[in-house]
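Structure at a glance
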Amino acid sequence: MPKQENDNRRFFIVTVGRTGSSLLASILDDAGADFGVSHQGGWDPAGGAFEHPSLDPVVRHFERMNEIGFRRPYGLWPRLRWTAARHRAKAGLKDLLPRARYFKGEIDPLVH
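Residues numbered from 1 in each chain as written. Predicted model: local features only at pLDDT ≥ 70, side-chain atom pairs only at ≥ 80, totals over all residues. Heavy atoms only, no water.

A separate point is the confidence of the model for the protein chain. Should pLDDT be low for a region, the predicted coordinates there are not to be read in detail. Summary statistics for the protein chain give a mean pLDDT of 86 and a share of 87% for residues scoring 70 or more. No element of the protein chain has a lower mean pLDDT than helix α1 (residues 21-30), at 90, and none a higher one than helix α3 (residues 76-96), at 95. (pLDDT = per-residue confidence, 0-100. Helix = DSSP H or I, 4+ residues; strand = E, 2+ residues; numbered from the N terminus.)

Turning next to the packing of helix α2 (residues 55-68) against α3. Between α2 and α3, the least distance of the axes is 8 Å, while the angle of their chain directions is 155°. Comparing their axes, α3 and α2 come out roughly antiparallel. Between α2 and α3 the crossing geometry is left-handed. Facing L55, V58, H61, F62, R64, M65 and I68 of α2, the residues of α3 in contact are P78, R81, W82, A85, R86, R88, A89, G92, L93 and L96. The residue inventory of the contact of α2 with α3, partitioned by class, reads eleven nonpolar, two polar and four charged. (Axes fitted to C-alpha atoms, helices over the stretch in contact; angles between N-to-C directions. Parallel < 35°, antiparallel > 145°, perpendicular 65-115°, else oblique. Left-handed = near helix turned anticlockwise from the far one by under 90°. Contact = heavy atoms within 4.5 Å. Nonpolar A, V, L, I, M, F, W, Y, C, P; charged D, E, K, R; others polar.)

On to the pattern of salt bridges, then. A complete count under the given rule lists four salt bridges for this structure. Taken together, the salt bridges that share partners define one network made up of D7, R9 and R101. (Salt bridge = Lys/Arg side-chain N within 4 Å of Asp/Glu carboxyl O.)

Together, R72, R79, R86 and K90 give the surface a local cluster of positive charge. Note on placement: R79 falls in helix α3. Here R79 falls in the partly exposed class, since its relative accessible area comes to 38%. (Patch = residues over 30% accessible without salt bridge, like charges linked within 9 Å, V, L, I, M, F, W, Y side chains within 5 Å. Areas by Shrake-Rupley, 256 points an atom, 1.4 Å probe, with all protein chains shown as cover. Lys, Arg positive; Asp, Glu negative; His and termini not counted. Charge placed at Lys NZ, Arg CZ, Asp CG, Glu CD. Buried < 20%, exposed > 50% of the residue type's maximum accessible area, 1.4 Å probe, protein only.)

This part covers α2. An α-helical turn contains 3.6 residues, so a residue and the one three or four places further along point in the same direction. Taking 1.5 Å of rise per residue, 14 residues should cover 20 Å, and α2 covers 20 Å from first to last C-alpha, within 8% of that figure. Residues of α2 that are buried include every one of L55, V58, V59, H61, F62, M65 and N66, and no others. In a view along the axis of α2, the buried residues occupy a sector of 160°, so they form one face of it. Tucked into the core, α2 has its buried residues touching α3 and β2 (102-105). (Expected span 1.5 Å × (residues − 1). Arc of directions from axis to C-beta.)

Turning our attention to α1. Listing the buried residues of α1 in full gives S21, S22, A25, S26 and D29. For α1, the angular spread of buried residues about the axis comes to 140°, placing them on one side. Every exposed residue of α1 that faces more than 90 degrees away from the buried side is listed here: I27 and D30. In this structure, the buried residues of α1 make contact with β1 (11-14) and β2. Two residues or fewer past α1, G32 is found with a positive phi of approximately 110°.

Attention now moves to a negative patch on the surface. A cluster of acidic side chains, namely D56, E63, E67, E106 and D108, defines a negative patch on the protein surface. Here D108 falls in the partly exposed class, since its relative accessible area comes to 38%.

Below you can see the structure in the form of structure tokens.
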């Protein structure tokens, strides 16, 4: 597929940890994938390679939102907390997405 101008596609490696995702990210990086993070020496078997540091706070906000409820809850206080967590998560994700095309991490809270 030819590359298009202003291509908004993003690719996520969703992992729960210790599943070989750093090796996969290293292979993709060698093939030209842009993870938006600096790295020395490629794949590190100790783990955590190629994870964008700005992704963790976004995931935490989505986790907080999901702890309150998977859908907008009833009641004023839970609804305000849920909406605030959702807003922070979406704003963080919107800020992060232009920084790279590939993302890796324990981002299962983003996937419903």
